[in-house]
Amino acid sequence: MAIHRISLTVNGEFEQVDVPSQMTLLQMLREKLALTGTKNGCAAGECGACTVLLNGEAVNSCMVLAAECDGASVITVEGLAQDGVLDPIQQAIIDHSGVQCGFCTPGILISSRALLNRNPNPSENEIREALVGNLCRCTGYLRIVDAVKDAARRQQA
Amino acid sequence: MTINAHPELPEFDYIRPASLVEASQFLAQHPGDARPLLGGTDILVRMRDGIWRDRYLVDVKKLDGTSEIIFNEGLGLTIGAAVNMNQVITHPQVQAHYPLLAQACRRVASYQLRSRATIVGNICNASPAGDTIGACMLLDGILNIHGINGLRQEFLAGFFLGPGKTILSPGDIVTSIHFPLPPAGWAGTYLKLGRNTWSDLAIVGVTVFGGPHPASASGYRFRIALASVAPVPLIAAAAEDYLSCTPPTPENFAHAAHLAAEACNPIDDVRGSARYRKAMAQKLTEKALQKTWLEVTR
């Protein structure tokens, strides 16, 4: 069983980690770097609870091997707030009560952040399509969608 | 078949060869035990379920010719094996010249999965439900392959042998897929039925690609590919032939859809019954033909 020494930046910090071949990016973040904000929901790439930004793209971290991430840049939910100031999407989801149990929330925040980065003024349909891969059992999605619309407005302002 | 779903992957070795030659040699030396890795969106699921137990995953993503999308006005479009579906969808030349391909990619799973999933992976995984396979076949996609005997090309017709089975041999690595320039004035539609609006695997998928074709008696040609209705992605040949000799009227589209459904040989599975699939294949084929015709005549 091979061990790979990988170097990457996580939330702006340089990290060097030894990972076995079969360790996923999700496992590495949680177990090696103690970044437990990113969650394991399905281990199958379907629920989106494990969503992170990998080189700027939203991915399911349970579907990426840590060994594939040598030289990569990763942003997790812990990296959204800057200098103690919440990301607009974080503030908006609080303001719109778009959180109940909170388990889907880190993934929702990262997917929404990725959407607003590539499309600063999304339509409702575009928001819903972007969040297809983030399942929420609690909220019914309405307040989440409102929060994303609001975050887009706040960003433009 | 028992599924042993477990959140952790089994033990294996992740190999990253430095060249195509090295990669093909390694794969050929470990037949049945080593698999090329692109996006991993099918592989990781199968390994966690205990269905695939390869000892080696061979990452071919950084090898020559796998990372680019190249469009040439005279020759067409070449998409590298490692290009993810989101990259395909947003590429200006794909949108301009091969919108059917972007349409098909967009129906796959979710944004996060499309950041990793690849068209070449979709093809090599050879699920009859593959969303992009129909578009690739109707656009006359050609696979560029590096094997132990060097480079070669394979057409998609005849590539698929059964669910999960292709004509590829150990050592073969598909490095890219090439699409010739599409015929002028042609349009395409991909309609997919799932248990939800987005993200599910196809219960039935219908790809239509058609337009002006002077050599046909009708003056038009419509090509039809069906997903999830047979052991392999299916071309509805009888329906295609019918439409090449009859005028493109609603009645003839309806009859062609009936012929397409007749050609289907679906199974019952968790997503739908064979009877339902056949009925839906007919409905979707008719709809897809009508939609394509609207686009062609716009």
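Just so it is clear, the model here is predicted, and its values are computed rather than measured.

## Some details on helix α10 (residues 250-263) of chain B
All names here are of chain B.
No. 1: Counted at 1.5 Å a residue, the expected span for α10 with its 14 residues is 20 Å, and the 20 Å between its end C-alpha atoms agrees.
No. 2: Taken together, the buried positions of α10 are occupied by Asn 252, Phe 253, Ala 256, Ala 257, Ala 260 and Ala 261.
No. 3: In this fold, the buried residues of α10 make contact with β13 (220-227), α9 (237-245) and α11 (274-296).

## Thoughts on the environment of Thr 132 of chain B
All names here are of chain B.
No. 1: Structurally, Thr 132 can be placed in the loop between α7 (119-125) and α8 (133-138).
No. 2: Residues Thr 132 and Met 280 lie 148 residues apart in sequence; the distance between their C-alpha atoms is 19 Å.
No. 3: Those residues in contact with Thr 132 that sit more than four places away from it in its chain are Met 85, Ala 104, Cys 105, Val 108, Ile 119 and Asn 122.

## Quick notes on the environment of Leu 29 of chain A
Residue and element names in this part refer to chain A.
No. 1: As for its placement among the helices and strands, Leu 29 is situated in helix α1 (residues 25-32).
No. 2: Along the chain, Leu 29 and Ala 66 lie 37 residues apart, while their C-alpha atoms are 8.9 Å from each other.
No. 3: Leaving out residues up to four positions away in the same chain, Leu 29 has contacts with Val 10, Ala 34, Leu 35, Val 52, Val 74 and Thr 76.

## Thoughts on the confidence of the model for chain B
No. 1: Summary statistics for chain B give a mean pLDDT of 96 and a share of 98% for residues scoring 70 or more.
No. 2: The ipTM, which scores confidence in the relative placement of chains, is 0.97 for this predicted complex, and the corresponding pTM is 0.96.

## Some points on the interface of chain B and chain A
No. 1: Facing 32 residues of chain B, the contacting portion of chain A comprises 33 residues.
No. 2: The contact between chain B and chain A buries some 2600 Å² in all, and 55% of this surface belongs to carbon and sulfur atoms.
No. 3: Looking only at chain B, the three residues that lose the most surface to chain A are Tyr 111, Gln 112 and Trp 198 of chain B, adding up to 27% of its buried area.
No. 4: The tally of links between chain B and chain A comes to 3 salt bridges.
No. 5: In this structure, Arg 116 of chain B engages Glu 68 of chain A in a salt bridge whose closest nitrogen and oxygen atoms are separated by 3.0 Å.
No. 6: Contributions of two or more residues to the side of chain B that touches chain A are made by β1 (13-15), α2 (43-48) and α6 (111-114) of chain B.
No. 7: Considering every element that reaches the side of chain B that touches chain A, the biggest residue donor is α6 of chain B, with 4 residues.
No. 8: Grouping the amino acids of the side of chain B that touches chain A by side-chain chemistry returns 13 nonpolar, 9 polar and 10 charged.

## Some points on the sheet that holds strand β3 (residues 51-54) of chain A
Residue and element names in this part refer to chain A.
No. 1: Ordered by their spatial adjacency, 5 strands build an open sheet running β2-β1-β5-β3-β4, and the pairing between neighbours is mixed. Each edge of the open sheet carries a strand with a single partner, namely β2 (13-20) and β4 (57-60). Mean inter-strand twist for the sheet, computed between neighbouring axes without regard to direction, equals 40°.
No. 2: Bridging between β3 and strand β5 (residues 73-75) involves 2 bridges; their strand directions are antiparallel. Bridging from a neighbouring strand, Leu 54 pairs with Val 74 of β5.

## Brief notes about the pairing of strand β2 (residues 34-37) of chain B
Within a regular beta strand, the side chains point alternately toward one face of the sheet and then the other, so they alternate between its two faces.
Residues and elements named next belong to chain B.
No. 1: When β2 meets strand β3 (residues 56-59), the two strands line up parallel, connected through 4 bridges. Across the sheet, Pro 36 pairs through a bridge with Val 58, a residue of β3.
No. 2: Note that the unit made of β2, α2 and β3 has a crossover that is right-handed.

## As for helix α3 (residues 105-118) of chain A
No. 1: The end-to-end C-alpha distance of α3 of chain A is 20 Å, a good match for the 20 Å that 14 residues give at a rise of 1.5 Å each.
No. 2: Taken together, the buried positions of α3 of chain A are Thr 105, Pro 106, Gly 107, Ile 108, Leu 109, Ile 110, Ser 111, Ser 112, Arg 113, Ala 114, Leu 115 and Leu 116 of chain A.

## Section: the state of the cysteines
No. 1: The tally for this structure, following the rule as stated, stands at 0 disulfides over all chains.
No. 2: A disulfide-free cysteine, Cys 104 of chain A has its sulfur positioned 3.8 Å from the sulfur of Cys 136 of chain A, the nearest such atom.

## Some points on the nonpolar core
No. 1: Counting 70 residues, the largest nonpolar core has Ile 79, Leu 101, Ile 123 and Ile 177 of chain B as the members making the most contacts within it.
No. 2: When residues no more than four places from it in sequence are discounted, the contact partners of Ile 177 of chain B are Leu 77, Thr 78, Ile 79, Ile 119, Val 120, Ile 123, Cys 136, Gly 141, Ile 142, Leu 143 and Leu 156 of chain B.
No. 3: In this structure, Leu 53, Cys 104 and Ile 110 of chain A together with Tyr 111 of chain B belong to the second largest nonpolar core, which totals 25 residues.

Rules behind the numbers
Residues numbered from 1 in each chain as written. Chains lettered and ligands numbered in written order. Predicted model: local features only at pLDDT ≥ 70, side-chain atom pairs only at ≥ 80, totals over all residues. Heavy atoms only, no water. Helix = DSSP H or I, 4+ residues; strand = E, 2+ residues; numbered from the N terminus. Expected span 1.5 Å × (residues − 1). Buried < 20%, exposed > 50% of the residue type's maximum accessible area, 1.4 Å probe, protein only. Contact = heavy atoms within 4.5 Å. pLDDT = per-residue confidence, 0-100. Buried area = accessible area lost by both parts, 1.4 Å probe. Salt bridge = Lys/Arg side-chain N within 4 Å of Asp/Glu carboxyl O. Nonpolar A, V, L, I, M, F, W, Y, C, P; charged D, E, K, R; others polar. Pairing = 2+ DSSP bridges. Axes fitted to C-alpha atoms, helices over the stretch in contact; angles between N-to-C directions. Right-handed = clockwise from strand over helix to strand, strands pointing away. Disulfide = S-S within 2.5 Å. Core = buried A, V, L, I, M, F, W, Y, C linked by side-chain atoms within 4.5 Å.

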